[in-house]
Amino acid sequence: MGVFTMEMLRLLPFLMLLGSSALAQSPTYGVGSTPSEEEIRAWDISISPTGQELPPGRGTAKEGALVYLQKGCAACHGAAGEGGMAPTLLKKQAEPDIDPWQLGRVLPIRSPYATTVWDYINRAMPLNGEGTLTADEVYALTAFLLHKNEVIPEDEVLDAQSLPKVKMPNREGFAPLPDWKPGKPRLQGYPY
Amino acid sequence: MGSKQPGRRGFLKSAAAVAGGLTLGSVEPALGQTPESGTFIKGNDELVAYGERSRFVTSVRIQHPPGGRPSPDGFGKVFHVAAPLQDSVGMITPSSLHFVGTTRGSFIPDIDPREHRLMIHGMVDRPLTFTMEDLKRLPSVTRPHFIECAGNRSRPQHKTVQETHGMTSCAEWTGVLLSVLLKEAGVKGGAPWIVAEGAEEVKGASSIPMAKAMDDCLVCYGMNGEAVRPQQGFPLRLLVPGFEGIFNSKYLRRIKVVDRYYMTYNDYGHLTQDPKNAALGYQIGPKSVITFPSGDQQLPGRGFYEITGLAWSGGGAIRRVEVSTDGGRRWMDAEIRGTAYRMAHTRFSFNWNWDGNETELLSRCTDELGQVQPSRAQVAEFFDVPLDPSYRVPGRDNSIQPWRVASDGSVHNGNA
């Protein structure tokens, strides 16, 4: 009971804040300017697992195989997606129902969301030509890599609607994130 | 003796030489003098404009891990670079020696600050864009904070403290509290995460809990009394005090307030399958290391030495540091030198008379939350891995570092 009361008292300022924030807060300093819709869209490249930031466009694995060659991906990642200087893009060969983590630290197989694969290709590939791929090319490359890793069939069309729906094998496979709170130890009862 | 003692001697020698030269009133180097015997550093425009350290001080950063990917590589890309902690004094790492970590090896972007912008948008009442001038108009704070790479760990093949612990550094950071900027934009109720993104070629982005963003994160334009260095994110970097290095986005150009964990590439790279490992993520644990005497240094003989080192924790300020000079049988309180700031390197020291016998030196710290730095045996037990040279634990490793002092005064990695 005493603990409960203490907790309520500690929460009181926060609860009061919640009440007042029902009305939109007004800025304190009035410094900074308002970006235009176009400016926001141009920079809005982090892709949510919901895919809400995905641009229009489409691509298939077959088209992606061509883009993979045209854009020089093979030079670093190998002609077949492995064996180059850059990280391998192909899962390890294993039993069909194995724990997906055993398939290796390979983005298009371990990532819990296909949106992460699209996002990384879009923002960070190719080396020294980052940001130059068209949306169609990124959809196609994503389809190509997901197909090579047996996540989607060769003829599946990826676009802003279908990409977030791709069921990655590791969707539920990662441990819960730390529930971080200010002034709390990392893990209760742990010697660290 | 390692690089510490010659450095000190060199400094004393050159200081004495300067003093001697001054009494002679001479400005020009005397003919026939060797460089060591006291020539002057002749002033030139560059030295007047931006000073340099003595040529007798040779402490430098090295690529990390040792024998790993070179920095710079053949293309001029920089990967991980470790700070020379063995030569450090005080709590601040000079900007030139601050460790560098990059997502995948990168060119350092050459950003004109007049063109740089920080955009805050997403789940906010008012999307805002700030120029560097805008940011400098806002109320500023200056705080010392360490940044440590999550991969900073002592391995048996490491010889020096630069190799075992050099991926941590501490600077005095100046900027605007992120909470101030988020309040200017007006965070919509309940938004649980932000994504912080850089302007470099890979546009590195991390998901950060809103609780942390509103607590103590800093949008920094200043570092150690001047502009943030390009290798550290010029003109603007995010400081996420006490969190793993990768959260401290460099070249910060965008904060998006979002409704969920975004699983960015940086986030994906830190995912783990093991709940015990995952629960230790984000906040760096309490950690300390003796920087003198440390691996590859040489004690000239028995007698008095000030043992000194650094302690830090993502949980807040360091409250206590203990030192053992007998391999962990007895622990004694070290002195904390200066102020123990929250999420900052804290210098400690311990007066020691070495009897000339082989022994092992260790340090362990306790932070303001009462978290105590664990021994390697505790960590091995927790993760159920063998306590031998094959020891390898997942995630971060903040275990106690032993330095073995041999009877000839040579110092070695006790984890080897």
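Rules and cut-offs
Note on numbering: residues in each chain are counted from 1, in written sequence order. Throughout, the order in which chains and ligands are written sets their labels, letters from A for the former and numbers from 1 for the latter. Only residues with pLDDT of 70 or above have their local features reported here, since the model is predicted, and side-chain atom pairs are shown and tallied only from 80 upward, although totals for entire chains, interfaces and linings are computed over all residues. Hydrogens are left out, water is left out, and the side-chain values use all remaining heavy atoms of the structure. What counts as a helix is a DSSP run of H or I of at least four residues, what counts as a strand is a run of E of at least two, and both are numbered from the N terminus. In this scheme, a residue with accessible area under 20% of its type's maximum is buried, one over 50% is exposed, and one in between is partly exposed, where area comes from a 1.4 Å probe on protein chains only. A contact between two residues is defined here by any heavy atoms of the two lying within 4.5 Å. Where accessible areas are quoted, they stem from the Shrake-Rupley method and a 1.4 Å probe; at the residue level, only the protein chains shown are allowed to cover. With axes taken as lines fitted to C-alpha atoms, and helix axes fitted only over the stretch in contact, angles between N-to-C directions fall between 0 and 180 degrees. Roughly parallel means an angle under 35 degrees; roughly antiparallel, over 145; roughly perpendicular, 65 to 115; everything else is oblique. Classes in brief: Ala, Val, Leu, Ile, Met, Phe, Trp, Tyr, Cys and Pro nonpolar; Asp, Glu, Lys and Arg charged; the others, Gly included, polar. Note: two strands are recorded as paired if DSSP finds a minimum of 2 bridges between them. Only protein atoms enter the 1 Å grid used here, on which a cavity is any set of points holding a 1.4 Å probe that cannot leave and a pocket is any open set flanked by protein within 12 Å on both sides along at least five of seven lines; residues with an atom within 4 Å of a point are listed as lining. Grid points are joined across faces, edges and corners, and a volume is the space filled by probe spheres set on the points. Think of a salt bridge as a Lys or Arg side-chain nitrogen and an Asp or Glu carboxyl oxygen that are within 4 Å of each other. N or O atoms within 3.5 Å of each other form a polar contact, as long as, within protein, one can give a hydrogen and the other can take it, and as long as residues adjacent in sequence are counted only when both atoms are side-chain atoms. Planes of paired rings set the category: under 30 degrees apart is stacked, over 60 is edge-to-face and the rest tilted, where pairs are Phe, Tyr or Trp rings (Trp by its six-membered ring) whose centres lie within 6.5 Å. The arc under discussion is defined with respect to the helix axis, by the directions toward the C-beta atoms. Working definition: a disulfide is two cysteine sulfur atoms within 2.5 Å of each other. Every residue carries a pLDDT, the predictor's confidence in it, which falls somewhere between 0 and 100.

Quick look at the overall build of chain B now. The secondary structure content of chain B amounts to nine helices and 21 strands. Burial status across chain B gives 56% buried among its 416 residues. Taking the intrachain contacts of chain B between residues at least 6 apart in sequence as the baseline, contacts between residues at least 24 apart amount to 70%. Looking at chain B as shown, the accessible area adds up to about 16900 Å², and 54% of this sits on carbon and sulfur atoms.

Residue and element names in this part refer to chain A. Two elements in contact, helix H3 (residues 61-70) and helix H7 (residues 135-148), have axes whose closest approach is 7 Å; the angle formed by their N-to-C orientations is 105°. Relative to H7, the element H3 lies roughly perpendicular. Where H3 abuts H7, its residues Ala61, Glu63, Gly64, Ala65, Val67 and Tyr68 lie against Glu137, Ala140, Leu141, Ala143, Phe144 and His147. When the residues that make up the contact of H3 with H7 are grouped by side-chain class, the tally is eight nonpolar, two polar and two charged.

This next bit is on the sheet that holds strand S17 (residues 335-337) of chain B. Residue and element names in this part refer to chain B. Spatially, four strands are ordered S13-S14-S18-S17 in an open sheet, and the strand pairing comes out antiparallel. The strands lining the two open edges of the sheet, one partner per strand, are strand S13 (287-292) and S17. Across the sheet, the mean angle separating the axes of adjacent strands is 35° when strand polarity is ignored. Note that S13 and strand S14 (residues 303-312) share five bridges and pair antiparallel. If you follow isoleucine 290 over to S14, its bridge partner there is glycine 309.

This part covers empty space enclosed by the protein. The full count for this structure, using the stated rule, is five cavities of 30 Å³ or more. Put simply, the largest cavity is a space of about 160 Å³. For the lining of the largest cavity, the residue count by class is 10 nonpolar, five polar and three charged. Tyr120(A), Arg123(A), Thr103(B), Val202(B), Gly204(B), Ala205(B), Thr264(B), Tyr265(B) and Asn266(B) together form the lining of the second largest cavity. Those elements that place two or more of their residues in the lining of the second largest cavity are helix H6 (114-124) of chain A together with helix H7 (265-269) of chain B. Residues of the lining of the second largest cavity, tallied by class, amount to four nonpolar, four polar and one charged.

Residue and element names in this part refer to chain B. Among the eight residues in helix H5 (residues 178-185), seven count as buried, and that is most of the element. Listing the buried residues of H5 in full gives Leu178, Ser179, Val180, Leu181, Leu182, Glu184 and Ala185. One or two positions beyond H5, positive phi appears at glycine 186, with a value near 75°.

Often, the extent of an interface is quoted as the loss of accessible area upon association of its parts. Each partner contributes to the interface: chain A provides 57 residues, whereas chain B provides 67 residues. When the shortest N-O distance is used, the salt bridge between Arg123(A) and Glu197(B) registers 3.0 Å. For the pair chain A and chain B, the number of links is 24 residue pairs in polar contact (both at pLDDT 80 or more). Those elements that provide at least two residues to the side of chain A that touches chain B are helix H2 (37-43), helix H5 (107-110) and H6 of chain A. In terms of residues, the side of chain A that touches chain B owes the most to one element, H6(A), which gives four residues.

What follows is about the packing of aromatic side chains. Per the counting criterion, the structure on display carries 14 aromatic pairs over all chains. Between Tyr68(A) and Phe144(A) the ring centres are 5.2 Å apart and the planes differ by 50°, which places this aromatic pair in the tilted class. Of this pair, Tyr68(A) sits in helix H3 while Phe144(A) sits in helix H7, and the two are 76 residues apart along the sequence. Per residue, the accessibility class of Tyr68(A) equals that of Phe144(A), and both read buried. With a centroid separation of 5.3 Å and 75° between ring planes, the pair formed by Phe243(B) and Phe247(B) is classed as edge-to-face.

Moving on, we come to unusual backbone geometry. For the bond running from His64(B) to Pro65(B), omega is -5°, close enough to zero to count as cis. In this chain, Phe292(B) is followed by Pro293(B) through a cis amide linkage whose omega measures 0°. Although it is not a glycine, Asn128(A) adopts a positive phi angle of roughly 70°. Residue placement: Asn128(A) occurs in the loop between H6 and H7. Residue classification places Asn128(A) among the exposed residues on the basis of a relative accessible area of 53%. Residues other than glycine seldom take positive phi values, yet Asp384(B) does so here, at roughly 55°.

Residues and elements named next belong to chain A. Of the residues making up H3, those classed as buried are Ala61, Gly64, Val67 and Tyr68. Here the buried residues of H3 occupy an arc of 105° about the axis, which is enough to place them on one side. Structural note: H3 exposes Lys62, Leu69 and Gln70 on the side pointing more than 90 degrees away from its buried face. In the core, the buried residues of H3 are packed alongside helix H4 (73-77) and H7. With its phi angle positive at about 80°, glycine 72 sits one or two positions after the end of H3.

Residues and elements named next belong to chain B. Scanning all chains against the criterion turns up zero disulfides over all chains. Sulfur of cysteine 217: no disulfide; nearest cysteine sulfur belongs to cysteine 220 and is 9.7 Å away. Residue classification places cysteine 217 among the buried positions, given a relative accessible area of 1%.

Next up on the list: the environment of Glu63(A). Residue and element names in this part refer to chain A. With respect to the helices and strands, glutamate 63 occurs in helix H3. Between the C-alpha atoms of glutamate 63 and aspartate 136, which are 73 residues apart in sequence, the distance is 9.3 Å. Discounting residues that sit within four places of it in the chain, glutamate 63 has contacts with Arg58 and Ala140.

On to the confidence of the model for chain B, then. Low-pLDDT stretches of the model should not have their predicted coordinates read in fine detail. With 91% of its residues at a pLDDT of 70 or more, chain B has an overall mean of 90. Taken as a whole, residues 1-30 of chain B scores under 50 in pLDDT and shows 28 contacts with residues more than four places along the chain or in a different chain.

This paragraph deals with the pattern of salt bridges. For side chains bearing opposite charge, pairing can occur when the charged atoms are close. All names here are of chain B. All told, the structure shown has 27 salt bridges over all chains when counted by the stated rule. Note that arginine 396 and glutamate 244 form a salt bridge whose closest N and O atoms lie 2.6 Å from each other. Of this pair, arginine 396 sits in the loop between helix H9 (376-383) and strand S20 (403-405) while glutamate 244 sits in the loop between strand S11 (237-239) and strand S12 (252-258), and the two are 152 residues apart along the sequence. By relative accessible area, which is 14% here, arginine 396 ends up buried. Its relative accessible area of 2% is what places glutamate 244 among the buried residues.

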